[in-house]
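# A closer look at the structure
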Amino acid sequence: MPEIKLELPQDEEAPKVVNPTIFEMSVPGRVGVTFPEPDVPAAPLPESFTREDLPLPELSEADVIRHFTNLSHLNHSVDTGFYPLGSCTMKYNPKINEETARLPGFAYLHPLQPIETTQGALGLLYETQEWLKEISGFAAMSLQPAAGAHGELTGVLIMRAYHRSRGDDKRVKMLIPDSAHGTNPASSAMSGLRVVQIPSDARGNIDLEALKAECDDTLAGLMITNPNTLGLFDENLTEICDLVHEAGGLVYGDGANLNAIMGISRPADCGIDVMHFNLHKTFSTPHGGGGPGSGPVGVTAELADFLPTPIAAIVDEGDEETPPLYGWYSPPKTIGRVKSFHGHFGIVVRAYTYMMMLGEQGLREAARHAVLNANYLQALLRDTYTIPHGDRICMHEFVAEGHWEDAPDIHALDISKRLMDFGFHPPTNYFPLIVPEALMIEPTETENRETLDAFADALIRIAEEARTDPEVLKTAPHKTPFGRLDEVKAARELVLCCWLPEDMD
Amino acid sequence: MFLPHTEADRQAMLKTIGVERMDDLFKDLPACTTDHPLNLPAPFTEMEALDEIAATADANETVRELTSFLGAGAYNHYIPAAVDAILRRGEFYTAYTPYQPEISQGTLQAIFEFQSLMTALTGMDVSNASHYDGATAVAEAVNMAFHNFRGKRKKMVLSPALHPQYRETVHTYIQGTEIEVLGGDIPLDAGPEALIPLIDDQTALVVVQYPDFFGRIYDYAALGEAVHAAKALFAIHINPIALGLLKPPAEFDADIVTGEGQPLGIPLAFGGPYLGIFTARQKYVRKMAGRIVGETVDTRGQRGYVLTLSTREQHIRREKATSNICSNQGLMALAATVYLSLLGKSGLKRVAELNYHKAHYAAEQIAALPEFGLCFPQTPFFNEFAVRCPLPAAEINARLLEHDILGGFDLGSAYPGMENCLLIAVTEMNSRNEIDHLVEHLAEVSHA
Amino acid sequence: MSSRADSNIPADLKYTANDEWARIEGDVATIGVTDYAQEQLSDIVFVEYVLDEGDKASKGDACAAVESVKAASDVYLPLSGEVIAINEDLADSPELINSDPYGEAWMLKIKISDPSEIEELLDATEYGALSD
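All residue numbers refer to position in the chain's written sequence, counted from 1. Ligands are numbered from 1 and chains lettered from A, in the order in which they are written. Local features are withheld for residues below a pLDDT of 70 in this predicted model, meaning they are given only at 70 or higher, and side-chain atom pairs are given and counted only at 80 or more; totals for whole chains, interfaces and linings count all residues.

## Some remarks on the overall build of chain C
Scanning chain C for helices and strands turns up 4 helices and 9 strands. The numbering of helices and of strands both runs from the N terminus, where a helix is a DSSP run of H or I of at least 4 residues and a strand a run of E of at least 2. Each helix and strand of chain C, placed in order from N terminus to C terminus, yields the pattern β-β-β-α-β-β-β-β-β-α-α-β-α. With the radius of gyration taken over C-alpha atoms, the globule rule is written as 2.2 Å times the number of residues to the power 0.38. A compact globule built from 132 residues would reach a C-alpha radius of gyration of about 14 Å, and chain C, at 14 Å, matches this within 12%. Neighbour counting defines burial: a residue surrounded by 20 or more other C-beta atoms within 10 Å of its own C-beta is buried, one with 12 or fewer is exposed, and intermediate counts give partly exposed, using backbone-placed C-beta atoms. Across the 132 residues in chain C, those meeting the buried criterion constitute 39%. The contact rule is simple: place each C-beta atom from the backbone, and if two of them lie within 7 Å, those residues are in contact. In chain C, of all internal contacts separated by at least 6 residues, the share reaching a separation of at least 24 is 62%.

## A look at the overall build of chain B
Looking only at helices and strands, chain B has 12 helices and 15 strands in total. Across its three principal axes, chain B shows a C-alpha extent of roughly 85 × 55 × 50 Å. Relative to its 448 residues, chain B shows a buried fraction of 61%. Counting only contacts in chain B whose residues sit at least 6 apart along the sequence, the fraction spanning at least 24 positions is 72%.

## Re the confidence of the model for chain C
Every residue is assigned a pLDDT by the predictor, reflecting its confidence on a scale from 0 to 100. Across chain C, the average pLDDT comes to 90, with 98% of residues at 70 or higher. If you check the scores for this complex, the pTM reads 0.94 and the ipTM reads 0.97.

## Observations concerning the domain arrangement of chain B
Residue and element names in this part refer to chain B. Taken domain by domain, chain B comprises domain 1 (67–78 + 345–447) and domain 2 (81–338). Each of domain 1 and domain 2 has a C-alpha centre, and these two points are 28 Å apart. Contacts between the two partners involve 23 residues from domain 1, matched on the other side by 20 residues from domain 2. Mapped by element, the contributors of at least two residues to the side of domain 1 that touches domain 2 are α10 (330–367) and β12 (384–388). Note: domain ranges come from an automatic or database domain assignment.

## Structural notes on the sheet that holds strand β6 (residues 274–276) of chain A
All names here are of chain A. Only strands that DSSP links by at least two bridges are regarded as paired with each other. Taken together, 7 strands build an open sheet; the order of strands is β1-β7-β6-β5-β4-β2-β3 and the sheet is mixed. Edge strands, defined here as strands with exactly one partner in the open sheet, are β1 (140–142) and β3 (194–198). Each strand axis lies, on average, 20° off the axis of its neighbour in the sheet, ignoring direction. Looking at chain direction, strand β4 (residues 219–225) and strand β5 (residues 250–254) are connected through 5 bridges and run parallel. Residue Gly-221 lies in a different strand from β5, and its bridge partner there is Leu-250. Axis definition: a line fitted to C-alpha atoms, over the contacting stretch in the case of helices. Angles run 0 to 180 degrees between N-to-C directions. Contacts from helix α6 (residues 148–165) reach β4, β5, β6 and β7 (297–299) within the one sheet, and its direction differs from that of β6 by about 165°. Here helix α7 (residues 183–190) sits on the sheet and contacts β2 (173–177), β3, β4 and β5; the angle it forms with β2, its principal contact strand, is near 170°.

## Quick notes on the interface of chain A and chain B
Listed as interface residues are 174 residues of chain A and, on the opposing side, 171 residues of chain B. All residues other than Ala, Val, Leu, Ile, Met, Phe, Trp, Tyr, Cys, Pro, Asp, Glu, Lys and Arg, Gly among them, are scored as polar; the first ten of these are nonpolar and the last four charged. Here the side of chain A that touches chain B is built from residues that sort into 92 nonpolar, 56 polar and 26 charged.

## Focus: the packing of helix α10 (residues 345–381) of chain A against helix α2 (residues 46–58) of chain B
Where α10(A) meets α2(B), the closest approach of the two axes is 10 Å, and the angle between their N-to-C directions is 135°. Considering their axes alone, α10(A) and α2(B) lie oblique with respect to each other. Crossing angle aside, the handedness with which α10(A) passes α2(B) is right-handed. Within the contact between the two elements, α10(A) uses Thr353(A), Met356(A) and Met357(A) and α2(B) uses Glu46(B), Ala49(B), Glu52(B) and Ile53(B). Among the residues forming the contact of α10(A) with α2(B), the class breakdown is 4 nonpolar, 1 polar and 2 charged. Orientation labels follow simple angle bins: below 35 degrees gives roughly parallel, above 145 gives roughly antiparallel, 65 to 115 gives roughly perpendicular, and whatever is left gives oblique. Here a crossing is called left-handed whenever its near helix is offset anticlockwise from the far helix by less than a right angle, and right-handed whenever the offset is clockwise.

## So, the packing of helix α5 (residues 119–136) of chain A against α2(B)
Remark: α5(A) packs on α2(B), axes separated minimally by 6 Å, with the N-to-C direction vectors making an angle of 130°. Judged by the inter-axis angle, α5(A) sits oblique to α2(B). Residues Gly120(A), Gly123(A) and Leu124(A) of α5(A) lie in contact with α2(B), whose contacting residues are Thr56(B), Ala57(B) and Asp58(B). When grouped by side-chain class, the residues that make up the contact of α5(A) with α2(B) number 2 nonpolar, 3 polar and 1 charged.

## So, the sheet that holds strand β3 (residues 28–33) of chain C
Ordered in space as β1-β2-β3-β9-β8-β5 (chain C), the 6 strands form an open sheet in which the pairing is antiparallel. Edge strands, defined here as strands with exactly one partner in the open sheet, are β1 (14–15) and β5 (56–57) of chain C.

## Observations regarding unusual backbone geometry
In this chain, Ala476(A) is followed by Pro477(A) through a cis amide linkage whose omega measures 5°. Assignment of secondary structure puts Pro477(A) in the loop between α13 (470–474) and α14 (487–492). Cis geometry marks the peptide bond from Tyr210(B) to Pro211(B), where omega comes out at -10°. Take Pro211(B): it is sitting in the loop between β5 (203–210) and α8 (221–229).

## So, the environment of Ala124(C)
All names here are of chain C. Topologically, Ala-124 is positioned in helix α4 (residues 124–128). Residue Ala-124 is classed as partly exposed on the basis of its C-beta count, with 15 C-beta atoms lying within 10 Å. Sequence separation between Ala-124 and Tyr-76 is 48 residues; the distance between their C-alpha atoms is 18 Å. The contact partners of Ala-124, leaving out residues within four places of it in the chain, are Ile-9, Pro-10, Ala-11 and Leu-13.

## Focus: the nonpolar core
If you look at the biggest cluster of nonpolar residues, it comprises 335 residues, and the most contacted ones within it are Ile158(A), Val142(B), Leu205(B) and Ala335(B). When residues in this core are grouped by element, the largest group, 23 residues, is from α10(A). Buried Ala, Val, Leu, Ile, Met, Phe, Trp, Tyr and Cys residues whose C-beta atoms connect them within 7 Å together make up a nonpolar core.

## Digging into helix α11 (residues 393–402) of chain B
If you check which residues of α11(B) are buried, you get Ala393(B), Ile396(B), Asn397(B) and Leu400(B). Projection of α11(B) onto a plane perpendicular to its axis shows the buried side chains occupying an angular sector of 95°, all on one side. For this quantity, the arc is that covered by the directions from the helix axis to the C-beta atoms.

## A short note on helix α5 (residues 105–122) of chain B
Residues and elements named next belong to chain B. In this analysis, the expected span of each helix is defined as 1.5 Å times one less than the number of residues it contains. A rise of 1.5 Å per residue sets the reference length of α5, with its 18 residues, at 26 Å; its end C-alpha atoms lie 26 Å apart and thus fit the reference within 8%. α5 sits mainly inside the fold: 18 of its 18 residues count as buried. Positioned one or two residues after α5, Gly-123 has a phi angle of 80°, which is positive.

## Let's talk about the environment of Ala14(A)
As for its placement among the helices and strands, Ala14(A) is situated in the segment before α1 (22–25). In this structure, the C-alpha to C-alpha distance between Ala14(A) and Pro55(A), residues 41 residues apart in sequence, is 25 Å.

See below:
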């Protein structure tokens, strides 16, 4: 029977334990939550199947609350500070969303209940679909995918299914810009498509000549993020979509950056055929420390038959006296379901709440102010940091280079680590790949001017420190609960559980 | 509201940018911009929105108002209040993925503890930080097995008693690959050894469920041996509550153990967000998709945690990554971690026993009714069982609903020929009274 | 170091533009990754072979992947042939690639099937002159 408690070495080089794990805190006999005695006779247990031991920790409720509360204090979060992560849209997460998602009428609903008992939920799903369609211009939607990458896989499979349904089995080539998020090529590869990279031109747009060269009858489509990961609205978007369509391909839109264009531009109107949304970005649902997200997919009418099954729909129109009856619809050429049940309903409720509160005007103002905030920051930093396309009005984000010729030892990583000493989460690092030492900065619309000024000041001060006191950057952060962590050690000496696998034998 | 800008703010900012009006920021956009307002409602204040949405919620009847015996992959379990108390902490739920470990140790340590709890429950060596749900965890196991053999073995054997929605999901995921799925037409009462003839040197993976979709418990040792004799991988999909009682699937020599973690402190919520569990043997750690947290030290000599083995993931490998997964189910993994911390060794065992005893009481009472019987009377089960009824399950459920009872899952909707069969789940949330009422109303049905 | 010219480039080896080296001894080639490659990757944490002993493969086929904390790089065969040996030490000690890329961190040995391909490889001077 393996020891649950970690035996820390007694020598002075043993790492200091800031917070013991639940296993280390465990004391035999402690219980957090008790349950009633059975109110039915005990049935004989299946002897050959009962387990001998259950190596779980034993803690009181107060132990558990204190432990996780203390852990929470070690996190930066939107509720505690600024998070200018490019392409993540770390906007404020409204607390009302947490109330609506937890309404018992939603929280206690089993997904397989008969539709007569779930009309409220079905109606909410339906209306969310309608609103997202209106925002984007698409004809049909699925709310089933669990996250953006999941939505991408769904969208790419739809494209593939569409071509094959027309006998176009040769169309296996997917074009992906060099500025794309890694999930784009990964999703394409998972769908059996061949990835071909398309360069960006000097203005940060997709290189039209390179695109034209790839437009042939093996083209399945192009995956485009618009605005792109440089924060720029592609100046040739409609031409790009036309070129792809003329060659018989489809255009996939990665909707990660939708926050810049809600109410301003509708992707379907620009020629995009299929797009995923990130509810946990654009629509204020919380990031959760790494999910859950939600990645609905919108398509044009031509692709509607291929959406995943099932989709919330009106199954009986009703009349003046009876309301419509909501139920489930299975698209006739569906690619199939992409997960169990209906998708992340709890996340959809939050997005629905947000869209209802913002309304038509609010969604557009959110986008406009996201763009205002990003341009303001870009203007404040333009003279201190190289911003490759800084001469253009950016959209909701921009990319700066985190290095200077006269500070050769300083990299984007060092700037990021030092930013934490000023109470800011660093911007996205090293993405997009086409900008060296990239710092992708997206403030979002929910940040006030004082925060933006403080952030710009911090970055300007760091730029000075890079020349006058580079050591303070190289050894940053200094004021956070933890210093830089040894990632090489973590990868070379894998410890992935509270005890080592060999101790289990 | 959520926009902090005053008119003065806007003016000052526009001046710094060097434009006159907000509209100037958009003047360079190409032609495909929207020139008319969207057809969406006007804004609601928080008060009005809550009113409206609460009415929508009230238009549902939930497992609180109705007595529920519905399972089939989502279960009505008790969620201790302390779980949500932690989940509602803004430092957890409004945090981002822990890419900057110096300011994310809360999230990272919680994930590390989650990984440890999953390996403790399943008996496996390593766990990732979660997948979207049980269905996609199984699909990723298929993916992993395919890449493990570098595409040279293309056959995946899936038990017909693996959740129908999981099998559907696998079919969706493999449509762009050369993977072939077998096992769908093996008879349901044939037992796990019936899969053995399907295994050959082209088999990459064999997948079974424990307890299976029908709630049945099987000894998979012989099947595991046959899988390994063919040098294929063996995956077992579990219900984590059952593992409070049942021996861990590691004892059947599984290489991969997946699971649906919704029963661990996560609400039914009309189907999601749920929690995909993914664990494996140590030697497959680099082939596992998803985020993984590892232990290390910081520059100040403190023990800490980081995301590790990132080079498997999409942001590094891009089209060579074996999976595209980015966001996972971080907050739901935290829910499971808090739930298991609260229940602990004795609590989880007690919940599992309650489920077991109540389900067996229900099964015994129902089987004693004339014209009703258990579909698989010889096989042990956990908290779910299939019942043969004198009428179609759909009709039985309709009648039960009139008495505010959600009957079981209509098995005919997933398995042709089982239209008269109901899959009934009983959890610690069902009192003896409720079970007696169910039996009473079922008895009425056969007399009507 | 910032360019190949600054790195260690033994004169007696052959090289590719993808930073692999080959030591030719009769009809056996020993293959690894160069000093410049290990420096670009920084601390190496894992090596994965995609070919096994006995496999016959062609010039340009992927034979291994080398992972550091931040990057993963594919290693391609500089020459066609049959794999006759794989360095198992790298499984436990991937850091050997950083400390001794041309000696203890050899990755595999092949029996050369097409000697004419040797001329297509770069010599030390040509390799050092490659731009980044």
